[in-house]
Amino acid sequence: MPKDVRRIIFNYDEVTSAIRTYGGEKGLDVPPGRVVKLTLTKDDVRQSSAASQKHTAFLENFHTEGETQPVIVTFFDQGAQENNNQYFSTDSVFVTEALAHYCANDPEIRISD
């Protein structure tokens, strides 16, 4: 049976805005700075060695088949004197909801049938 698969690509600033806005609305303490990395904490994904394998594994394992995956969001705060990287522990459902919320509330994004 044919199926239609669509992929939406977000840049780092959009992911940062999505997580910060949605997290703020949920009353979460989101670290300062810019998102520089999303890491699934599932063992089989962390053990991938090549960068392309990590990327592919991340896309294949992120919020699939109704499973919630733990995610570490790494923020880089250029203005911090020490500990430039801050970590935000969440899950794939939160990240998915944050990105969907971002799309639904951005006037430049139009979703049509």
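So, here is what we can say about the structure in this document. Within any chain, residue numbers begin from 1 and follow the written order of that chain's sequence. Selection of residues for local features in this predicted model requires a pLDDT of at least 70, selection of side-chain atom pairs for listing and counting requires 80 or more, and totals for whole chains, interfaces and linings are taken over all residues. To get the side-chain values, take all heavy atoms of the structure and skip hydrogens and water.

## Description of the packing of aromatic side chains
Then, in step 1: Any Phe, Tyr or Trp ring, taking Trp's six-membered ring, that has another such ring centre within 6.5 Å forms a pair; planes under 30 degrees apart are called stacked, those over 60 apart edge-to-face, and the others tilted. Scanning all chains against the criterion turns up 3 aromatic pairs.
Then, in step 2: On the basis of an interplanar angle of 75° and a centroid distance of 6.3 Å, the ring pair of Phe 10 and Tyr 102 is categorised as edge-to-face. Of the two residues, Phe 10 sits in the segment before helix H1 (12–25) while Tyr 102 sits in helix H4 (residues 92–105), which places them 92 residues apart along the sequence.
Then, in step 3: Throughout, exposure labels follow a simple rule: accessible area from a 1.4 Å probe, protein chains only, divided by the maximum for the residue type, with under 20% read as buried, over 50% as exposed, and the rest as partly exposed. Using a relative accessible area of 16% as the deciding quantity, one classes Tyr 102 as buried.
Then, in step 4: Ring geometry for Tyr 22 versus Phe 94: centroids 5.4 Å apart, planes at 45°, classification tilted. Placement of Tyr 22 in helix H1 and of Phe 94 in helix H4 is noted, with a sequence separation of 72 residues between them.
Then, in step 5: With a relative accessible area of 10%, Tyr 22 lands in the buried category.
Then, in step 6: The buried category is assigned to Phe 94, whose relative accessible area is 8%.
Then, in step 7: Through successive ring pairs, a cluster of aromatic residues spans Tyr 22, Phe 88 and Phe 94. Per the convention used, a helix needs a DSSP run of H or I reaching at least four residues, while a strand needs a run of E reaching at least two, with both numbered from the N terminus.

## Thoughts on the pattern of salt bridges
Then, in step 1: For salt bridges, the criterion is a side-chain nitrogen of Lys or Arg within 4 Å of an Asp or Glu carboxyl oxygen. On inspection of all chains with the given rule, the structure shows 1 salt bridge.
Then, in step 2: The salt bridge involving Arg 34 is made with Asp 13; its shortest N-O contact spans 2.9 Å. Residue Arg 34 is found in strand S1 (residues 34–40), and its partner Asp 13 is found in helix H1; the two are separated by 21 residues along the sequence.

## Side note on the nonpolar core
Then, in step 1: Residues Ile 19, Val 35, Val 73, Phe 75, Phe 88 and Phe 94 are the most contacted members of the largest nonpolar core, which totals 16 residues.
Then, in step 2: Where this core is concerned, the elements lending two or more residues are H1, S1, strand S2 (70–76) and H4.
Then, in step 3: In terms of residues, this core owes the most to one element, H4, which gives 5 residues.
Then, in step 4: The contact criterion used is simple: two residues touch if any of their non-hydrogen atoms lie within 4.5 Å. Discounting chain neighbours no more than four positions away, the residues touching Phe 94 are Ile 19, Tyr 22, Gly 23, Leu 28 and Phe 88. Nonpolar core, defined: a set of buried Ala, Val, Leu, Ile, Met, Phe, Trp, Tyr and Cys residues in which side-chain atoms within 4.5 Å join the residues together.

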